[in-house]
Amino acid sequence: KLQFLYFIGVNIKLNMIDCGHCGKNCSCVGMCRCAQTREELGERVTVEKGNKYCEYLRGLREGKAVELVPLDAAAVEYVEAVLQGLPGVQDVALSKDKKSVFASSKDRSSVSMVQGFAERDTMEVEMAASPKRHDEFVLTGASCKSCTSNISKKLRKEPSKVSACCFDINKDGESSMRTYSEPHVSTPRLQAEVASRTALAADKFGVAMQTTRGDWETSVFVKDSNLPPEVVTIDGVSEAKMLKHSASCNLLNLSLVPSCDISKVRHAVVAALKQQNLLVDPYAECKFCGPSCCCTSVDCSCKHEQEGAFGEMIQVYGEDERYCTDLKAVTEGQYVEIVPTSAEVLEGVYEVLNGMDGVDTVVLSKERESVFVGSQNIPKVIRALHEKEKGAMTLRPQRRDEFRLTGATCKSCTANIGRKFKNADALEAWSFDIENERLDVFSYVGTPESEVQVEVASKVLQAGEKFGVARKVPWEPRLSDRRAMLTTSIVVKGADEHAQYPEWSMINGVTTGEVVPCPNTEYEVVNIGMLEGTSPSAVRHAVSRALAENKIEIASPSADWKGKAAKVEPNAPDYEDADHAVDVNKLLSEQQVFEFIVGGMRCVSCATKIESHFADVPGVARCNVNAATSITRVTASPSVLDADAVQKHIASLGFTAELLQSAGAAGFVFAAPPGDTDIALKTLQAMETVESAALVDDSKLLVKVAPGVMAIDIEKEAKEQGVHLERDKSSRNDKLLSALKREDAIAESKRGFIESAIPTVPLIVLHMILESFAGVAPMRDVKIYNSLTLEPLVEWTLCTYVLLRCGAPFYKGAWAALRNGSANMAVLVCIGVTTAYIASIVMSVIAIFSEHMEPELHFATAAALLCFMLLGQYLESNAKAMTSEALVSLMELQPTDATIIRKDRKTGEVLGTEIVDTEELVRGVVCRVAAGVRVPCDGHVVSGSGDVDESMVTGEPMPVHKRIGDEVVGGTIVMDGAVDVEVDHCGSETMLSQILQIVLEAQNSKAPIQKYADMISAVFVPVIVLISIIVFLVWLSLGLADVWGDDFTDESDGVFASQFFIATVIIACPCAMGLATPTAVMVGTGLGAKAGILIKGGEALEGAAKPKAVLFDKTGTLTMGKPSVTEYLWFAEKDKPLEEKVVKMVAAAESSSDHPIAKAIVKHCDRGALPVPEDFENIPGKGIRCSLEGSVLTIGKPKYILETTHLTAVVEERIAEIQSEGKTVVVAAYDGEARCLFGISDVIRKESKEVIAALHKRGIDVHMVTGDNTRTAKHVAGILGIPENRVNSEILPAGKAMVVKGLQEDLNEKIFFVGDGINDTPALAQADVGVAIGGGTNVAVESADIVLIKDDLWGVLHSIQIAAATTSKIKWNFVWAFGYNVCAIPIAAGVLYPAFHLQLPPIIAGIAMVASSLTVLASSLLLKTFKPTCS
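Within each chain, residue numbers correspond to sequence positions counted from 1 in written order. Owing to the predicted nature of the model, reporting of local features is limited to residues with pLDDT of at least 70; listing and counting of side-chain atom pairs is limited to 80 or more, with chain, interface and lining totals taken over all residues. Side-chain numbers here rest on the full set of heavy atoms in the structure, without hydrogens or water.

1. Here's the deal with the nonpolar core
- Working definition of a nonpolar core: buried Ala, Val, Leu, Ile, Met, Phe, Trp, Tyr and Cys residues. They are joined through side-chain atoms within 4.5 Å. Three exposure classes are used, based on accessible area relative to the maximum for each residue type with a 1.4 Å probe and protein chains only: buried under 20%, partly exposed in between, and exposed over 50%. Counting 100 residues, the largest nonpolar core has Phe-1112, Leu-1255, Ile-1282, Phe-1312 and Ile-1346 as its most contacted members.
- Top contributing element to this core by residue count: helix 45 (residues 1354-1389), with 13 residues.
- Counting residues in each nonpolar core, the second largest holds 30 residues, with Cys-34, Val-45, Val-47 and Val-101 among its members. Helix and strand labels come from DSSP, where a helix needs a run of H or I of at least four residues and a strand needs a run of E of at least two; each type is numbered from the N terminus.

Dropping the structure here:
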């Protein structure tokens, strides 16, 4: 029976019958011929898998049209030629993109055509096949190939249901047109589209489909579903019926009389439909503007829109067929050119626009015949202008491109560039901002950006070689924290076949490069991408050198690079340039953050050197180095620079680098036994629980596992197969904790100090103490040769040991810095020590050849200097470790291990418990947490109960009782009981990890004030060396000239001058300046983290120090954000015994609703078990009605209750009083009588009023912004003490950002915005400092600068206090650091010696230098004693 129904065409679908070849629910339902058809198609033909597989096979078997897509695009023409030669094939056509071939036959199935092709296929082409619909139309009016070509273009214009078409032309009468389309396209839909597009080609064409009945059909899109009676009476129409197409459109299907004039019939139908305003034609074109109009309406509204927007006197200029496009650009764009009719009108227009509100830019054109205007609302500006200047004007849409211009230092430079711009066709107007290195260029919107870019680059180069220019490329707002991209262009003569373009990423400063040929010319345009901050001039010179080295000739700046065919036509499809040099979104979206612990940094100069080095490395977006923690964060594009490359760059500067993490890295690292790596890799790759496995190095493998699989599972499964694996347990947190505690640095400096002190102390005792105070020099009496005694040899031996053994790190660091063209603290130390050492050797050698000379030795000075430097490093490392104590204490809250419940993966049976590292936890694993143990992860309780101490999150000292279903946070402690917790978030996803990452990033960021220290540090060491040399030469010259006589000093002139030289070099300290900001930021952010305040970086810290105004969102910020019953009134005192019953019934009725007000009433009326309401009815916007225990209960607004009962005057007065307080009133009526009311409001936080008073006391203006109604907002503001003129009510979330922006413009000061981080994102981002309150487990609120973990408004005041204290400490640190160097360097240079004979010994200079850094560190550490107050 099924076979019979199937063969006669009955569509059967029986879900219980499975296809033997394809699986369940196949459309072939048991009569499966899929396998047979598949075999008939052959192995080289593929058919779509998935839901359409059987449908496609059936279509190929039964249909007579097919689409073949060769996998090799080059074989398309071959497939077409073979198909054309097959017997029985009617039509062969290429697709629109010429990547596939369509074929049809009257007597051969699609499978038969595929088999016929395979028999003649000598190239063994592999291809995909899919069935197609094939329809034949009668075409009138087409007499040549030009006609059919025009029709074909219209049919293929996207979007189109027609995939391909072909024609048979009959010059004397009716022609034939055949189309290919998808099988699911309906016949009327296809008819309507083909008819509309054919008429679009020319009015003379008519088309209709020939049906199986022998008549003709066509269709028209209409608005209404009612059949217009006039259509049936039109000559040529035999029948008409209306078919449903979509919600806004229907199809009028027309049967036509054979041999009628199809074109005339269609015109008559269209005219009748237009007269009744029923015609809808998505393919029609604007008859006013031309065939390229975007309005796609038969009745063009462009002219009416223009007159409505601007008036009759103002016209929009549109080149050729761009009128509608230009009109849209003028009304929706931000820049326009205004061309008045006369010079007098131009002058008036210019004056009016210069003083008009809302106008951002006003620039005269190069011919001074028009004005270029920039505004957010161009139509509004034009209308306002026309009210004052009544003359006729023409508008022309413009685009503004922003360029960075370097080398222009005065108006003469810009005037020279402007003269060159006047000869550039693409440039309409321009303006310069010399101070900010900015050039703005206006051009017609139809001019591609690439042409503007090349014109500007060429003309600027003509103006002078010293100038450099590059265009800023726009990027997505979500990436606005990244540096912008710049692009510039260089015109070259086309490279011959032997020349090759350079590797762009290898050129310093270049991120990307692209070569665009110029048609019909010998030139090519090289588009170069670079990051903002890079010098365009330097990049152009670097690229020019690279091109010259590759034998590529750079064209003259005045070269005619455009050619005749290269000029972009004005009817371009859109305004975007397809030839961008840089896909900036792709580049930035691929960026990763690489974290390293850098060893060998001696001072802030080292950090500055690393940052400046990476600023010039291609592919690096930014680099932040924290001199206090030695942590370096490099943000780079992994396609350009990976972790190994970053590590090599750091190593090339003379530092060590240990990778902390690579953002995006996932999986476990396992170590395999030596020699078994290959076996282990193959074993892992064969496991079902492993998604991928790859070698990291010779003995380590990176393994990505399936969800729910732990590392211990992999180890056990591998062990069963004879492979021993062990997870690499060197976690990121362990490395980070060690770095923050500075364990290695402390141990290394301590060892170095002890090793240097052992030989240095005897040196100091022998040379300084015994000789200076006791007058004893025992070794000086032992002569070796002439004046050379035993003393120089002993001191040289001890000093050489100190220099070689303990001074090696200093010399290595100094050499690495000098080799890379910089100087750091190690350079100063090495210069001072080496000078004393070499001077002592020289004096000792002279003593060999002199009989009566007593050498002046400074071996003790050199050794003592190194010893004190190492002691200073030891003390400094300890102090730096103390600044990280807050972060370390947070990290130590993280549990290191967890007890998990092991289950059988197949049966789910509990096998027992096992202790694993917390880093092995994955989602879905259940952990058992006993009393006194920290929760290892974020999750929810699945078994047990207990009291949990959540003070680290909420600040509340009392434990919270947790039951099944309650959420718990990792790091909190189970005080009593025991719970089983299922893991929801683990690893970096836990709340504690997010807090740690935010604090770490904040401590690694720089406050804006730090840039001054960086600028000074960059030149500090070279300047100090230069000053020291000058000091030496001055004192040496004075000594040789004998200015003060022989009694001025007992030492030789050279030795005397070298003492000042060494002291000056040693005493200078860049470290104090470099540590002033980061140490204070570290302590300040750590202080905030302990108080539950996450401050995201130095910039937020500095910005929060002194706000002028604070804007609070109301709901959820100043209030609790949860409605609750604050007023309750029982009306009928005489029916007091009935109150309990009514209240319980109200709770029962409201319990079925999820509305916040209903929940508040249920919570207030909680009376235990509740009855079940009957006949429940919800009246939208009014209330509810139901039956309970035979009585009718009505609950709702007072107006709704008044419809069924009455209220006394006293009750109505009480309702009005409650509503005046901004509360919502709900009344309950029982059996037709009002019984009670509930006053519901969002409760104000208990601390809100005190916090606002404290802010007022500090001189900070407080504003409130809310979406609530004005009455409620003013009531809340009155309670909190916020003036009414500072209340902004009925503001949507997007409008809150505009309120913040307006306040910023009015006050021009720092503005705080405090919100809940849910719907306040725009305002948080707009504010100078955005504060998200009550972050809870969602601490990573992207748009907030400060996140208050605890749901407490005091955090707002405390964050301001902490920021103010930290900023003040930074400033005092700078005062000390700068003051020390300003005072100490002149003293060391000897300014006090002529008057007081006061000379600073080099050893004392070294002690002073160490003390200066320690003083700054101690100053920052004192910040730890700061306690935020509530006033």
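Once you've had a look at it, read on.
2. A short note on the pattern of salt bridges
- Here, a salt bridge means any side-chain nitrogen of Lys or Arg that lies within 4 Å of a carboxyl oxygen of Asp or Glu. As enumerated under the stated definition, the model contains 32 salt bridges in all.
- Lys-1296 is the salt-bridge partner of Asp-1113, the closest N and O atoms lying 3.0 Å from each other. Here Asp-1113 is found in strand 42 (residues 1109-1113), whereas its partner Lys-1296 is found in helix 43 (residues 1293-1307), with 183 residues between them in sequence. Neither Asp-1113 nor Lys-1296 differs from the other in exposure class; each is buried.
- Members of the salt-bridge network, linked through shared partners, are Asp-713, Lys-716, Arg-902 and Glu-914.

3. Looking at helix 16 (residues 536-549)
- Any helix carries an expected span of 1.5 Å times its number of residues minus one. Taking 1.5 Å as the rise per residue, helix 16 with 14 residues should run 20 Å; its terminal C-alpha atoms sit 20 Å apart, in good agreement.
- At the C-terminal side of helix 16, Lys-551 shows a positive phi close to 65°.

4. So, the pairing of strand 37 (residues 938-949)
- DSSP calls a pair of strands paired once it identifies at least 2 bridges connecting them. In terms of strand pairing, strand 37 meets strand 40 (residues 973-985) through eleven bridges, oriented antiparallel. Bridge pairing in strand 40 places Gly-944 opposite Val-979.
- Pairing between strand 37 and strand 39 (residues 967-968): two bridges, direction antiparallel. The residue bridging His-940 from the neighbouring strand is Glu-967, located in strand 39.
- For strand 37 and strand 38 (residues 960-962), the ladder comprises three bridges, and the chain directions are antiparallel. Each bridged residue has a counterpart across the sheet, and for Gly-946 the counterpart in strand 38 is Lys-962.

5. Considerations on the sheet that holds strand 6 (residues 133-140)
- Read from one edge of the open sheet, seven strands run 7-8-6-9-10-12-11, paired in antiparallel fashion. If you trace the sheet from one side to the other, it starts and ends with strand 7 (162-168) and strand 11 (237-244), each paired once. Between one strand axis and the next, the sheet turns through 35° on average, direction left out of account.
- Looking at chain direction, strand 7 and strand 8 (residues 175-181) are connected through six bridges and run antiparallel. Of the residues in strand 8, the one forming a bridge with Cys-165 is Thr-179.
- The contact criterion used throughout is that any non-hydrogen atoms of two residues lie within 4.5 Å. To get an axis, fit a line to the C-alpha atoms, keeping to the stretch in contact for a helix; angles then go from 0 to 180 degrees between the N-to-C directions. Its contacts with the sheet place helix 6 (residues 145-156) against strand 6, strand 7 and strand 8, and it is angled at close to 165° to strand 7.

6. Considering unusual backbone geometry
- The phi torsion at Asp-1231 lies on the positive side, around 55°, for a residue other than glycine.
- Here Asp-1231 shows up in the loop between strand 47 (1224-1230) and strand 48 (1233-1244).
- Relative accessible area serves as the criterion here: at 46%, Asp-1231 is assigned to the partly exposed category.

7. Describing the confidence of the model for the protein
- pLDDT gives the predictor's per-residue confidence on a scale running from 0 to 100. Here the protein averages 77 in pLDDT, and 82% of its residues register 70 or above.
- Low pLDDT, under 50, characterises residues 1-17; the stretch is placed with 22 contacts to residues that sit more than four places away or in other chains.
- Of the regions scoring below 50 in pLDDT, residues 292-300 engages in 24 contacts with residues more than four places distant in sequence or in other chains.

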